[in-house]
Amino acid sequence: MSTEALSSGSTFPPLKAGTLRIYSNRICPYAERARLVLAHKDIPNEVVNIHLSKKPEWFLEKINPLGKVPAIQKDDKIVYESAVCCDYLDQVYPSNKLTPDDPYQQARDRILVEHFGQVTTQYYKMLFGPSENCAAAAETLKKGLMEFDKEIQKRGDFFGGSEPRMIDFMVWPWFERFHATEKLVNQIFISDGSMPNLTAYMDRMLSVPAVQKCRLSTENHLEFYQSVKNGAPNYNVGL
Ligand SMILES: N[C@@H](CCC(=O)N[C@@H](CS)C(=O)NCC(=O)O)C(=O)O
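In this numbering scheme, every chain counts its residues from 1 along its sequence in written order. Per-residue local features of the predicted model are confined to residues with pLDDT of at least 70, and side-chain atom pairs are confined, for both listing and counting, to 80 or more; whole-chain, interface and lining totals are unaffected and use all residues. In computing side-chain values, all of the structure's heavy atoms are included and hydrogens and water are not.

J.: Sorry, what's going on with the site of the ligand here?
T.: We define proximity as follows: a residue is near a molecule or strand when any one of its heavy atoms falls within 4 Å of that partner. Taken together, the neighbourhood of the ligand is formed by Cys-28, Pro-29, Tyr-30, Leu-52, Lys-55, Gly-67, Lys-68, Val-69, Pro-70, Glu-81 and Ser-82. Residues adjacent in sequence count toward polar contacts only when both atoms are side-chain atoms; beyond that, a polar contact is any pair of N or O atoms within 3.5 Å, and within protein one must be able to donate a hydrogen and the other to accept it. Lys-68 is positioned such that a nitrogen or oxygen atom in its side chain is 3.0 Å from an oxygen atom of the ligand. Ser-82 has a polar side-chain atom sitting 2.6 Å from an oxygen atom of the ligand. Relative to its unbound accessible surface of 510 Å², the ligand loses 74% to contact with the protein. Ten residues, namely Ala, Val, Leu, Ile, Met, Phe, Trp, Tyr, Cys and Pro, are considered nonpolar, four, namely Asp, Glu, Lys and Arg, are considered charged, and the remaining ones, Gly among them, are considered polar. Tallied by class, the residues present in the shell around the ligand amount to 6 nonpolar, 2 polar and 3 charged. All accessible-area figures derive from a Shrake-Rupley calculation using a 1.4 Å probe, and residue coverage is judged against the displayed protein chains alone.

Pasting the structure below:
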């Protein structure tokens, strides 16, 4: 169950022995990666949401000196950085394995995640950069996504092939936000029909149980981004 984000001045929520905890935030796409893995593998966990602009002091002191979500904790073991958390969870809870056994496929998937990093860079430039650069960033973003449209055509229904695998959960959170972003910045970069494989993929992902469990609606994302633009991010959106 997701609860309101804890802020500076809050006290550290006592740990329950043997319970896996995720430090998360309802709107963070990186945290969503780890929550998708937890949901897909049906790993019991407790969610502690962190207010990202008024972080609890204990979060930096005890959990992640980088101050970022996600982080996961079980007893005295703490792991952070989304890709590290996801790989760690996949190894420690091996049922419903998400990472390919074949080292070459594993390497290719990691390379694809690196390429996706360029897509997210353009995405944030478009969203939060100077408005005069927005159209150019949207155009570059679209070019980047075109490559993913070609890639999924080669790979199958999902980037993981016939079913969603780790690679899908690493990239999905941004796809989830694209329709809200198009409305917010008034730029079309995915809904113009030029990437039919990718838009079919987005529809398909919406019926994946882990995605259904973790996602926020387009309206929720829109509301959050608007709250950021207004200077008062609402990290409890949808609660
Ligand atoms: N490289 C990190 C990025 C995580 C990240 O940037 N999380 C954001 C929220 S979406 C955050 O915690 N921001 C707080 C901050 O940077 O101070 C990861 O993959 O986990």
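J.: Explanation requested: the packing of helix H4 (residues 103–128) against helix H6 (residues 166–185) in the structure shown.
T.: If you want to describe how two helices pack, look at the angle between their axes and the distance between the axes. Axes here refer to lines fitted to C-alpha atoms; in helices the fit is confined to the stretch in contact. Angles between the N-to-C directions go from 0 to 180 degrees. Secondary structure is summarised from DSSP: a helix means a run of H or I of at least four residues, a strand means a run of E of at least two, and numbering begins at the N terminus for each. In contact at an axis separation of 11 Å, H4 and H6 are set at 20 degrees when each is read in the N-to-C sense. Classified by the interaxial angle, the pair formed by H4 and H6 is roughly parallel. As H4 packs across H6, the resulting crossing turns out to be left-handed. For the pair H4 and H6, contact is made by Asp-109, Leu-112, Val-113, Phe-116, Thr-120, Tyr-123, Tyr-124, Met-126 and Leu-127 and by Ile-167, Met-170, Val-171, Trp-174, Phe-175, Arg-177, Phe-178, Thr-181, Leu-184 and Val-185, respectively. When its residues are assigned to classes, the contact of H4 with H6 shows 15 nonpolar, 2 polar and 2 charged. Geometric relationships in this document are graded by angle, where less than 35 degrees denotes roughly parallel, more than 145 denotes roughly antiparallel, 65 to 115 denotes roughly perpendicular, and other angles denote oblique. Note on convention: the crossing is left-handed when the near helix lies turned anticlockwise from the far helix by less than a right angle, right-handed when the turn is clockwise. Contact criterion: two residues are considered in contact whenever any of their non-hydrogen atoms come within 4.5 Å of each other.

J.: Looking at this structure, I do not really get the sheet that holds strand S1 (residues 20–24). What am I missing?
T.: Strand-to-strand pairing in sheets goes through backbone hydrogen bonds, with the strands running parallel or antiparallel. Taken in spatial order, the 4 strands line up as S2-S1-S3-S4 in an open sheet, and their pairing is mixed. Only two strands of the sheet have a single neighbouring strand rather than two, namely strand S2 (46–49) and strand S4 (77–80). The sheet shows a mean angle of 20 degrees between the axes of neighbouring strands, taken without regard to direction. On top of the sheet, helix H3 (residues 82–92) reaches S1, strand S3 (71–74) and S4; it is set at about 130 degrees to S4, its chief contact. DSSP bridges decide pairing: two strands pair if at least two such bridges lie between them.

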